[in-house]
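One letter stands for each residue in the lines below.
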Amino acid sequence: MKLYRNIIIIAIVVAVLGGAMYFVSKYLPENDNSANVTQQPAEDDMFSIYKGNSENVSRIQIKNADEEYAVSLSGETWVMNGDSTIRLKQTNVKSLLYTCTSVSVKKTVSETSEKAADFGFSAPTGYAELFFNDGTTKRITVGNKTLDGQDYYIMVSDDEKIYLKNTYGSESLIPSSQSLRDLSLISVDSSDLSTLKHVYMSKQGNTAVKLENTNIGTSENPNYQWRMLEPVFAEMNGQVFTDKIISCFEAFQAAAVVEDHPDNLSTYGLDAPYAEFSVGTADKTLNMKVGGETDTYRFLMEEGYDTVYAVPKSSLTFLDVAYVDLMSNLIHVEYISNVDKVAVVSGNTKYDMEIKGEKGAEEYYINGVKIQKETFSKAYQAVIGISLDSLDLTKEPTVTPAAYIKYTKKDGSTTLVEFLPVDERNYRVTVDGKGSSITNKKNFEGVLSKLEETVKGAN
């Protein structure tokens, strides 16, 4: 489908079938931020020449300098050229309806149509023809532009007069089909991620990443937290996730539609994608393929939707976020408000941390010794503050743990953090049997020292 004239042609060279070269020319906006940002000039002293009922329109046929297309009502939805798979921005179609059924002009140029050809009506710039439910039609024809470029001459069927209408208003009568397309692809509310279920990403040359909003509680008492499942099982760095990933999905949209129902995906590099990503919500899952590039754009398709889009490269920066940056430096965190007991065990050394009593009247114990709340909290911070030093992406070894931390939560569920010896200096840490984090043994020994110090200080 052709795009309108006030946009640049981007030519890309594509290799097909072992080396044959050809060019694919498509039209894209000159500036991502300038698309569809035209302000209508003030229209003082305008007068109406046609008023129709937009609710009775069943079809609009548009012809402009570049294309001809139709939008028609299918049920309660407007579709283009009878193709329900073409996504239209319904508010834009309704705006077009209003524009075409409420036509005002600046002045009357001629009382008759005798010299219509002199004003460009023998080969007009375009027209909008309205088809009504009662079988009647109305055509608004746009002729030549005036020499100063400020206005167009227009005529309305069943009216002999020739009128002058400003350029913005005239071109709004015969817009490009592109201006009616819905370019919104993904919309995520960063202030509420509860309905977001997963984000998967893979890119040529990068390690594939799977991030999921995982229930770490029970079915009766769910407790959802974001976790990295691949390439490693790890806690998430929420700040990086929000700033570098979610921010890109708050309003992820295309710059333009390049082609509907493409015959050859290799033209756009979508037969062997440069990248793929998936965003899952409570309602649906969106799977995207990212293909070849121009200087400013990359081509993109959504699975199950036969349209090629151009998206700004700047909107795809999330694909380059390293998985290690998305990982928390802390190996495992359990919020103290969710926990009743914690067992910290290494060989014959064991510390039992307990929180007893009702909310607001809790008492804190370590190995039966009552501990002040603030002191207990500092000891607990040491337990959950064990950090990773490196990663091991090989399969978890089948060795006996040298130490473990077991959290028993208020809902009765447990989480087991085990420390598997890998050499004289390091442990590999797993959480409920999964994990690739490597931590220095001194980090765990520091926890034991803090607990010992806390208990001695309370005696």
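As the structure is a prediction and not an experimental result, all values here were calculated from the model. (Residues numbered from 1 in each chain as written. Predicted model: local features only at pLDDT ≥ 70, side-chain atom pairs only at ≥ 80, totals over all residues. Heavy atoms only, no water.)

Asker: Whenever I open this one, the overall build of the protein chain confuses me. Can you help?
Answerer: Within the protein chain, the regular secondary structure consists of six helices and 32 strands. With 459 residues in all, the protein chain has 45% of them scored as buried. A fraction of 59% describes how many contacts in the protein chain between residues 6 or more apart in sequence connect residues 24 or more apart. If you sum the accessible surface of the protein chain, you get close to 23600 Å²; carbon and sulfur atoms cover 45% of it. (Helix = DSSP H or I, 4+ residues; strand = E, 2+ residues; numbered from the N terminus. Buried < 20%, exposed > 50% of the residue type's maximum accessible area, 1.4 Å probe, protein only. Contact = heavy atoms within 4.5 Å. Areas by Shrake-Rupley, 256 points an atom, 1.4 Å probe, with all protein chains shown as cover.)

Asker: Can you walk me through unusual backbone geometry in this structure?
Answerer: For residues other than glycine, phi is negative in most cases, and the peptide bonds are mostly trans. The omega angle of the peptide bond from E230 to P231 is 5°, so this bond is cis rather than trans. Structurally, the position occupied by P231 is in the loop between β16 (224–230) and β17 (234–235). A positive phi angle is found at N81, which is not glycine, with a value near 50°. Residue classification places N81 among the partly exposed residues on the basis of a relative accessible area of 44%. With a phi close to 65°, D158 is a non-glycine residue in the positive phi region. Mapped onto the elements of the fold, D158 is located in the loop between β11 (151–156) and β12 (162–166). Overall, D158 belongs to the exposed group, its relative accessible area being 77%.

Asker: Just to check I follow, could you spell out the pattern of salt bridges for this structure?
Answerer: Pairing is possible between side chains that carry opposite charge, provided their charged atoms lie close to one another. For the structure on display, the rule yields 18 salt bridges. Here E363 makes a salt bridge to K370, at a shortest N to O gap of 3.3 Å. Here E363 falls in the partly exposed class, since its relative accessible area comes to 33%. Of the charged contacts, one joins K456 and E452 as a salt bridge, the two residues approaching to 3.0 Å between their closest N and O atoms. On the criterion of helical spacing, the pair formed by K456 and E452 is a turn pair, its members being four residues apart in helix α6 (residues 441–458). Here K456 falls in the exposed class, since its relative accessible area comes to 56%. What you see here is one network of salt bridges that share partners, running through E293, R298 and K313. (Salt bridge = Lys/Arg side-chain N within 4 Å of Asp/Glu carboxyl O.)

Asker: What am I meant to see in the packing of aromatic side chains here?
Answerer: Any two aromatic rings considered together are summarised by their centre-to-centre distance and by the angle between their planes. Taken as a whole and assessed by the stated rule, the structure comprises 15 aromatic pairs. Considering the side-chain rings of F249 and F252, the 6.2 Å spacing of their centres and the 75° angle between planes classify their relative orientation as edge-to-face. The burial state of F249 is the same as that of F252; both residues are buried. Among the aromatic residues, those joined into a cluster by ring pairs are F249, F252, F277 and F318. For the cation-ring pair, R139 lies above Y127, with the distance from its terminal atom to the ring centre recorded as 3.7 Å. Between K356 and the ring centre of Y365, over which it is positioned, the NZ or CZ distance is 4.7 Å. (Phe/Tyr/Trp six-rings, centres within 6.5 Å; stacked < 30°, edge-to-face > 60°. Lys NZ or Arg CZ within 6 Å of the ring centre and 35° of its normal.)

Asker: Could you clarify how one ought to interpret the pairing of strand β5 (residues 68–74) in this entry?
Answerer: Consecutive residues of a regular strand have side chains that alternate between opposite faces of the sheet. Bridge analysis of strand β4 (residues 57–63) against β5 gives five bridges, and the strand direction is antiparallel. Looking at β5, one finds that I62 is bridged to Y69. Hairpin geometry of β4 and β5 is characterised by an intervening segment of four residues between the two adjacent antiparallel strands. Pairing geometry for β5 and strand β6 (residues 77–80), over four bridges, is antiparallel. (Pairing = 2+ DSSP bridges.)

Asker: Any chance you could explain helix α3 (residues 238–249) here in plain terms?
Answerer: In an α-helix, one full turn covers 3.6 residues, which means residues spaced three or four apart are oriented alike. Here α3 contains 12 residues, and its C-alpha end-to-end distance of 15 Å stays within 8% of the 16 Å for a straight helix at 1.5 Å per residue. Residues of α3 that are buried: V240, F241, I245, I246, C248 and F249. One side of α3 holds all its buried residues, which, seen down the axis, span an arc of 150°. N-cap assignment for α3: the residue whose side-chain oxygen lies 3.2 Å from the backbone N of Q239 is N237. (Expected span 1.5 Å × (residues − 1). Arc of directions from axis to C-beta. Polar contact = N/O pair within 3.5 Å; in protein donor to acceptor, adjacent residues only side chain to side chain.)

Asker: Explain the sheet that holds strand β8 (residues 107–110) here, please?
Answerer: The eight strands lie next to each other as β6-β5-β4-β9-β10-β11-β12-β8, forming an open sheet whose pairing is antiparallel. Pairing within the sheet leaves two strands with one partner each, and these edge strands are β6 and β8. For this sheet, the mean inter-axis angle between neighbouring strands, taken without regard to orientation, is 25°. In the sheet, β4 pairs with strand β9 (residues 126–132) via six bridges, with the strands oriented antiparallel. (Axes fitted to C-alpha atoms, helices over the stretch in contact; angles between N-to-C directions.)

Asker: Mind showing me how you'd approach the sheet that holds β17 here?
Answerer: Picture the strands of a sheet paired through backbone hydrogen bonds; they go either parallel or antiparallel. With antiparallel pairing, the nine strands of this open sheet are ordered in space as β17-β16-β15-β14-β20-β21-β22-β23-β19. Where the open sheet ends on each side, the last strands, each with one partner, are β17 and β19 (256–260). Bridge analysis of β16 against β17 gives two bridges, and the strand direction is antiparallel. Counterpart to R227 in the pairing with β17 is E235. Across the sheet, α3 touches β14 (196–203), β15 (209–215), β16 and β20 (275–281), and the angle it forms with β14 is around 95°.

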